Each structure stands twice: as C-alpha cells, then as structure tokens.
Amino acid sequence: MKLYNTLTRTRGEFITHEPGKVKMYTCGPTVYHFAHIGNLRTYIMEDVLEKYLRWSGYDVTRCMNITDVGHLTSDADTGEDKMLKGARREHKTVMEIAKFYTDAFFADCRKLNIKIPEIVVPATSYIDKFIHMIEVLLEKDYAYLSGGNVYFDTSKLENYYVFGNQEAEDLAVGVREGVEADEAKRNKTDFVLWFTKSKFEDQELKWDSPWGVGYPGWHIECSAISLWNLGEYLDLHCGGIDNAFPHHTNEIAQSEAYLGHPWCPQWFHVLHLNTSAGKMSKSSGEFLTVSLLEERGYDPLVYRLFCLGSHYRKSLVFSWEGMDSTKTAYQKLVSRIAALSPEEGAIDTEAFDALRARFAEAMDNDLNTALAVTALYDVLKAKTDDATKRALIADFDRVLSLGLLEAAEKVRIAQKAAADAAKAAPDAELVVTCLTEGVDSATRSEVEALIRERADAKKAKDFAAADAIRDRLAAMGVTLKDAKGAVSWEKI
Ligand code: AMP
Ligand code: ZN
C-alpha cells in the first residue's frame, strides 16, 4: 500500500516495525463542545484507514486520547484552558463537561459508523505518567524550569521543524500579533510541559507535582499516552493537518528526546473541511454538527459518503448542494442493491477476486476512497450473479462502512409491505408508501394527494395530465415507483 507521509513529504510504501502488526495513534477530541463535522471528517478518514489496514490483513492496535485538560485557546500555550471555558459557558464543572462531550462524541461516531479505538485514554487519568516523562526530560537536560513552569528546550534538537515547509516566523510560538511573548522561555519555539504559573489562577483541575501544584501542557499527553499503550515504536500517527504544527512537532520532540531514538516514521494528516467562509472550527462557534445534519433530513451516513467522495489530502468545501447530490447518489445506490436477489448462492470466485482487486488497487493508491466507491458501481454493473455482488458489497463495506446492505434490506422490507398492502386492499384503493425517512407530514400529504390525482388521471386515460403531475413531483425531488395497485415514492 502506498500512503502519503507528511514527515517525508512523499508517497511511500506502508511499512511496520513488526511484520503484520500496526501500532496506530490518533489525536482525540478536545471535549469542551460538540465535535463539528470538520473534526468528524478527520475521524472518518482515519477510520477508513484503520479498517482498510485490517481488511488488508494487518493486526491493528489503535489508541486515542481524550483531551480533557491542558488544551489552551491558542495552540501556542497561551490563552485560557478550553475545558474551563466550556465549563463556564455551561455553568458546569470541567469533569461534567468532559463526560457530556465525550459521550456526545462517541454517539456521533456510532451514527457515522466510526469504530471507536480499542484503547481510549482521558488525559486526566495519566497525570503520573506525564510527571514521570517530564522528570526524565529534565534529567536528560531537554527541559528546564523557568518562572514556575517547566519548558521543553527546542534548541537541544538538530531539527525541530520536522514537517518542514513552515515559515519559522509565521509559526513561532508566542510572537504572533496579539499574543504576548512568554518572557520565561529561552527560545521562542520552546513549549510548556507543566504549568504552575498561568495567568488563569481559577484553573479548576490541578495536581501536585515536583514543581508545585499545576497542570500539564497539551502536547505531553499524546506522547505519554502513546508510549504507555503502544510502546516505543509507533507505526502510524494520525490527525487533522492543523495538528502538524505545533502539536505533532512537539510530540515528536518530547517522545524522541525521552526515548533517545526515532519514534514514529509515518504521519497521516487529513486536510480540513472548510465552509465558504474558511476553516470550520469549534472556537469560532460557527460549526455544523451531526445532529444538525439529522435535523435537516440527512442520514449521517450520507455525510460519510460525502467525505469518501474526495481525497483526504485535499481540503473539502462543505455545501448543502453537495449534500443533496450525495443523498440522491446514496439513495440510488441503496435502491440498486435492494433490487439484487437476496437468495444465498455459490460465489463466482473469478469475478469476486477481479472486482476485489479493483477495490484494493484504489485503496492502495494513497487511500483513493472516491475510486473505491466507484468500485461499488463496477460490482453492480458486473456480469456475475447477485449472490457474488452482495458478497462483494459486504466485503467493501467492511471498510467504507456505509451500511449499504442494512439500508437496502430496509428498502426491500418497505417495498414488500407496500406490495402486500396493495394485494390486501380492495381493488379501487391505491396504496401509497413513502420510502424516505424524515419527510415532514405536510409534504407527505401534498405528495400523496398528487399521486392519487395522477392515478385518477391515468384511469380516465388523460395521460397528459398524469405526466404533468409526474413532472411536478419530479421538480419537488420526488421519484415514483409504480406497482399494481400501489405507488411508492422517494424524496431527496
Ligand atoms: P480538537 O477537538 O480541536 O482537538 O480536534 C479534533 C481533530 O479534528 C484533530 O485531529 C483536528 O486536527 C481535527 N480538525 C479540526 N478542525 C478540522 C476541520 N475543519 N477539518 C478537518 N479536521 C479538523
Ligand atoms: Zn495529539
């Protein structure tokens, strides 16, 4: 498999420290607010990567942190603690906020078919490990105490800007416009490992430490949580592209200084979801959530398909038009799968292997999910039997996780119920069934009335009027399926 590596800035062969085993680390959410669908784009693409590695035969162990302390409103160690800000906004304690938004994050993951990593560690449960790691960094002279805080000394590293392409001036910590320089730092790129002195004395969560009562910096949590759970050789580290600097840069600095050897050779970064106004972010307060998508009548899996339709290394602009066309595509795909015979049967292994190879080829090419989705259409068009097609769809969906066979089964059940109702109903009565979830009752009544009007026109042999009604329904996004004595309809 070829995967782009932000560290080497090349697309290289995926490698592991131990053959067949992948140790994978993911930066988890900062749980002071709902995850927005930009955050979730990153988690969807990481989920696809993990599942594809498993599909390819790797034994994957994946770990994720939950940031419930230490992430300040600026990634550069300045500003207020995001958790505290969230707690104040909602008149709750920091731990109540953390629990509520961690649960909300997992609920969103379930709706999007994102598998939750087997190891999930809240930062506040690892304070003793952070302290140990900072002690070792001080012993090794990679850290120093100044003004009450412990800092990492970036001047001790030969190459601090490991991800390159960074304008040192632009990225330097603490010197941006509107941000005060931290006088206690020896170098402007140094960062805090442990705070005892911050401008915010009302910091709610504090722990005892050899350097006084305080709290950890944000970056140390991922290094320590990864090292403790996945060992000293990590294969793959993931996150959104905004994490590359300073967060991942600082993780590498601390971990390698602590270990004394290279730590993680492969870095997978997902580009941002943007709105027409720019990057979607929690701090701006302007963001879309999974619940909002549902309120607007979109199945969360339509958003998953929307993300899979573009490459993870390109920024993706969210639009409602894009969501509408993806919704139509999803419904059509599901309808075509529902039309396959559900009968079990022997698998045509030649066709199965050839189509599976096409899917693998797309995914092996730096996770080309858009092409992998088109492999689903290749399956539907292929000259093979329906049992083989269904087996292939199930196989690809182990990675894509679009819930295709389950959604198709729902459509089949609804169609069968409509047909049964038509058979049972008296001759004259037309059975009208809506196959789309979430359509409001006013629209349902309007569509149903038009469908009945059209049936009457057909009965009176006024085909022009019947066609005109069909066109009117089409303009409303309604497609019809006629059966004997029944009409079922879908709406985008
Ligand atoms: P946070 O909860 O802010 O710690 O972020 C959680 C994850 O979402 C991190 O991997 C971020 O890099 C990522 N992320 C933040 N904003 C976006 C965005 N607009 N699009 C995609 N990923 C994002
Ligand atoms: Zn992290």
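Residues numbered from 1 in each chain as written. Chains lettered and ligands numbered in written order. Predicted model: local features only at pLDDT ≥ 70, side-chain atom pairs only at ≥ 80, totals over all residues. Heavy atoms only, no water.

Q: Which parts of the structure should I look at to understand the overall build of the protein?
A: Along the backbone of the protein there are 16 helices and 17 strands. Overall, the protein is about 90 × 55 × 35 Å in size when its C-alpha atoms are taken along their principal axes. In the protein, which comprises 492 residues, the share counted as buried stands at 54%. Put simply, 74% of the contacts in the protein that link residues at least 6 apart link residues at least 24 apart. Carbon together with sulfur atoms contributes 52% to the accessible area of the protein, which is approximately 21,800 Å² in total. Of note, the protein has its 59 positive side-chain charges centred 5 Å away from the centre of its 75 negative side-chain charges. (Helix = DSSP H or I, 4+ residues; strand = E, 2+ residues; numbered from the N terminus. Buried < 20%, exposed > 50% of the residue type's maximum accessible area, 1.4 Å probe, protein only. Contact = heavy atoms within 4.5 Å. Areas by Shrake-Rupley, 256 points an atom, 1.4 Å probe, with all protein chains shown as cover. Lys, Arg positive; Asp, Glu negative; His and termini not counted. Charge placed at Lys NZ, Arg CZ, Asp CG, Glu CD.)

Q: Would you take a moment to explain the domain arrangement of the protein for this structure?
A: By convention, interface size is frequently given as the accessible area that disappears when the constituent parts associate. What the domain assignment lists for the protein is domain 1 (2–270), domain 2 (290–405) and domain 3 (425–491). The centre of domain 1, based on its C-alpha atoms, is set 55 Å off from the matching centre of domain 3. (Domains from an automatic or database assignment.)

Q: Help me understand the coordination of the zinc ion (ligand 2) in this model?
A: A metal bound by six donors in octahedral fashion has ideal angles of 90 or 180 degrees, whereas one bound by four tetrahedral donors has an ideal angle of 109.5 degrees. Around the zinc ion (ligand 2), the protein contributes the donor atoms C27 (SG), C222 (SG), H247 (NE2) and E251 (OE), at 2.0 to 2.7 Å from the metal centre. If you look at the zinc ion (ligand 2), its 4 donor atoms make angles of 75 to 131° with each other, and the shape they trace is irregular. Sequence spacing among the residues donating to the zinc ion (ligand 2) works out to C-x194-C-x24-H-x3-E. Highlighted residues: H247 and E251, both in helix α7 (residues 244–259), separated by 4 residues, approximately one helical turn. (Donors = N, O, S within 2.8 Å, 3.2 Å for Na, K, Ca; no water. Tetrahedral: all angles 85-135°; square planar, octahedral: opposite > 155°, others 65-115°.)

Q: When you look at the packing of aromatic side chains in this model, what are you seeing that I'm missing?
A: Each pair of aromatic rings is reported with the distance of its centres and the angle of its planes. Applying the stated criterion to the full structure yields 25 aromatic pairs. Considering the side-chain rings of Y52 and F359, the 6.4 Å spacing of their centres and the 70° angle between planes classify their relative orientation as edge-to-face. Of the two residues, Y52 sits in helix α1 (residues 37–55) while F359 sits in helix α11 (residues 349–364), which places them 307 residues apart along the sequence. A single burial state applies to Y52 and to F359, both of which are buried. Aromatic pair F195 and Y215: ring centres 4.9 Å apart, planes at 15°, arrangement stacked. Remark: Y215 occurs in strand β9 (residues 215–216) and F195 occurs in strand β8 (residues 191–195); sequence separation between them is 20 residues. Across this residue pair, the class does not change: F195 and Y215 are buried. Here a set of aromatic residues connected by ring pairs shows up, and it is made of Y298, Y303, F306, F318 and W320. Over the face of the ring belonging to Y4 we find R313, whose NZ or CZ atom lies 3.7 Å from the ring centre. (Phe/Tyr/Trp six-rings, centres within 6.5 Å; stacked < 30°, edge-to-face > 60°. Lys NZ or Arg CZ within 6 Å of the ring centre and 35° of its normal.)

Q: Hey, could you run me through the nonpolar core in this one?
A: For soluble globular proteins, nonpolar side chains are generally found buried alongside one another. With 87 residues, the main nonpolar core has Y303 and F359 as its most contacted residues. At 10 residues, α1 tops the list of elements feeding residues into this core. Discounting chain neighbours no more than four positions away, the residues touching Y303 are I37, G38, R41, I44, L112, L273, L293, F318 and M323. The next biggest cluster of nonpolar side chains, apart from the first, holds 48 residues, and it includes V150, I220, I225 and L259. (Core = buried A, V, L, I, M, F, W, Y, C linked by side-chain atoms within 4.5 Å.)

Q: Could you clarify how one ought to interpret the sheet that holds strand β4 (residues 59–66) in this entry?
A: In space, the 5 strands of this open sheet follow the order β5-β4-β3-β10-β11, with parallel pairing throughout. Edge positions in the sheet fall to β5 (119–122) and β11 (267–270), since each of these pairs with one other strand and no more. Pairwise comparison of adjacent strand axes, ignoring direction, gives a mean angle of 20° for this sheet. Relative to strand β10 (residues 236–240), strand β3 (residues 21–26) is paired through 3 bridges, and the arrangement is parallel. What sits directly across from M24, in β10, is L236. Packed onto the sheet, α1 meets β3, β4, β10 and β11 and runs at close to 160° relative to β4. (Pairing = 2+ DSSP bridges. Axes fitted to C-alpha atoms, helices over the stretch in contact; angles between N-to-C directions.)

Q: Whenever I open this one, the state of the cysteines confuses me. Can you help?
A: The term disulfide refers to a covalent linkage connecting the sulfur atoms of a pair of cysteines. Using the criterion set out here, one finds 0 disulfides in the structure. Here C109 stays free of any disulfide, with the sulfur of C307 as its closest cysteine sulfur at 13 Å. (Disulfide = S-S within 2.5 Å.)

Q: Teacher, can you tell me more about the environment of V317 here?
A: Tracing the backbone shows V317 in strand β14 (residues 316–317). Distance from V317 to F396, taken between C-alpha atoms, is 26 Å for residues 79 residues apart in sequence. Aside from chain neighbours lying at most four places away, what touches V317 is N274, T275, S276 and F306.

Q: Can you help me understand the pairing of strand β7 (residues 149–152) in this one?
A: Neither face of β7 is exposed, since N149 and Y151 on one face and V150 and F152 on the opposite face are all buried. With 4 bridges joining them, strand β6 (residues 143–146) and β7 adopt antiparallel strand pairing. Along β7, the bridge assignment pairs L145 with V150. Counted between consecutive antiparallel strands, the loop separating β6 from β7 contains 2 residues, among which G147 sits at a positive phi close to 55°. Where β7 and β8 come together, 3 bridges link them in antiparallel fashion. Bridging from a neighbouring strand, Y151 pairs with V192 of β8.

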